[in-house]
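Structural description and commentary
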Amino acid sequence: MAAVKAMIFAAGLGTRFKPWTDKHPKALAVVNGQSLLQRNILYLQAYGIRDVVVNVHHFHEQVIEMVQNNRGWGSNVIISDERDEVLETGGGLLKARHLLGSETFITVNVDILTTLNLTTLLTSHKETEAAITLCTADRDTSRFLLFDTDNRLCGWRNIKEGNKTERIVIPKEPLQQKAYSGI
């Protein structure tokens with residue numbers, strides 16, 4: 001695989017991880033002896049990806065200290081600092097774009113644990129000549145992405161009680177709803 005960079009989204013508040021995230025960033029939650037951040041960095045390394053951008057906000061100093069103390073777990077980790085304001089996924093990506101360059105890159109949500117074969121994903125992305133490839137699944141969720149029959153993203157739907165919203169940018173029928181998998 002050609003040299004590919006990655007971005008790990010680690011700036012979030014981790015509200016679903018409370019009360020642990022009242023004192024720690026979600027990225028440092030431990031699963032089987034390794035933090036979520038470390039697990040994802042090692043996952044990327046398994047595919048030869050060693051240039052990794054990590055955005056930080058919530059308890060940013062703990063994430064930075066952990067990365068420095070562990071020398072990036074063998075990867076070149078660059079911090080995209082959002083300590084003044086959490087920018088969410090799109091804003092975080094926009095802020096870090098100069099760190100990622102203009103070539104193909106991977107993004108991973110820090111709280112994702114996966115065995116997805118990134119080589120297969122990148123090959124498929126290249127073959128389809130898509131601008132963006134999103135990993136999705138047919139699973140229960142409260143937030144869906146909406147795709148047409150050619151797998152083009154057309155909008156999104158939130159079915160969470162009290163916050164039901166929908167935005168269809170490209171009106172097409174029929175639309176398939178799929179859950180975003182964080183990659």
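Throughout what follows, the structure given in this document is the object of discussion. (Residues numbered from 1 in each chain as written. Predicted model: local features only at pLDDT ≥ 70, side-chain atom pairs only at ≥ 80, totals over all residues. Heavy atoms only, no water.)

1. Points about helix α1 (residues 36-45)
Burial analysis of α1 places eight of its 10 residues in the buried class, the great majority of the element. By the burial criterion, the buried members of α1 are L36, L37, Q38, N40, I41, Y43, L44 and Q45. (Buried < 20%, exposed > 50% of the residue type's maximum accessible area, 1.4 Å probe, protein only. Helix = DSSP H or I, 4+ residues; strand = E, 2+ residues; numbered from the N terminus.)

2. Some words on the nonpolar core
Ranked by size, the top nonpolar core spans 31 residues in total, and within it L37, L44, V54, I106, L118 and I183 carry the most contacts. Within the residue set of this core, elements represented by two or more residues are β1 (5-9), α1, β4 (51-56), α2 (60-69), β6 (105-109) and α4 (118-128). Take this core: its biggest share by element is five residues, from α1. Non-local contacts of L118, meaning those with residues more than four positions away in its chain, are made with Y43, L44, Y47, I49, I106 and I183. Core analysis: the next-biggest nonpolar cluster, separate from the first, contains five residues, M7, V53, A96 and L100 among them. (Core = buried A, V, L, I, M, F, W, Y, C linked by side-chain atoms within 4.5 Å. Contact = heavy atoms within 4.5 Å.)

3. A look at the side chain of S75
Note on placement: S75 falls in the loop between α2 and β5 (76-81). In this structure the side chain of S75 is engaged in a polar contact, spanning 2.8 Å, whose partner is the side chain of Q45. Contacts of S75, omitting those with residues within four sequence positions, involve I41, Q45, I49, R50 and V52. (Polar contact = N/O pair within 3.5 Å; in protein donor to acceptor, adjacent residues only side chain to side chain.)

4. As for the environment of W73
Tracing the backbone shows W73 in the loop between α2 and β5. Judged by its relative accessible area of 13%, W73 falls in the buried class. Sequence spacing of W73 and E88 is 15 residues, and the spatial spacing of their C-alpha atoms is 25 Å. Ignoring sequence-local partners within four residues, the contact set of W73 consists of S35, L37, Q38, I41, L42, Q45, M66 and V67.

5. A short note on the packing of aromatic side chains
Under the counting rule described, the total for this entry stands at one aromatic pair. Ring centres of Y43 and Y47 lie 5.7 Å apart, and the angle between their planes is 75°; this geometry places the pair in the edge-to-face category. Each of the two residues, Y43 as well as Y47, counts as buried. Just above the ring of F147 sits the side chain of K178; from NZ or CZ to the centre is 6.0 Å. (Phe/Tyr/Trp six-rings, centres within 6.5 Å; stacked < 30°, edge-to-face > 60°. Lys NZ or Arg CZ within 6 Å of the ring centre and 35° of its normal.)

6. Remarks on the pattern of salt bridges
Tallied over the entire structure, the rule returns eight salt bridges. In this structure, D111 and K26 form a salt bridge, with 3.5 Å as the shortest nitrogen-oxygen distance. Taken together, the residues D111 in the loop between β6 and α4 and K26 in the loop between β1 and β2 (30-31) connect sequence positions 85 residues apart. Residue classification places D111 among the partly exposed residues on the basis of a relative accessible area of 25%. Put simply, D148, D150, R152 and K172 are held in one network by salt bridges that share partners. (Salt bridge = Lys/Arg side-chain N within 4 Å of Asp/Glu carboxyl O.)

7. Let's talk about the environment of A11
Relative to the elements of secondary structure, A11 occurs in the loop between β1 and β2. Taking the C-alpha atoms as reference points, A11 and Q177, 166 residues apart in sequence, are found 27 Å from one another. Discounting residues that sit within four places of it in the chain, A11 has contacts with N55, V56, H57, H58, E82 and V86.

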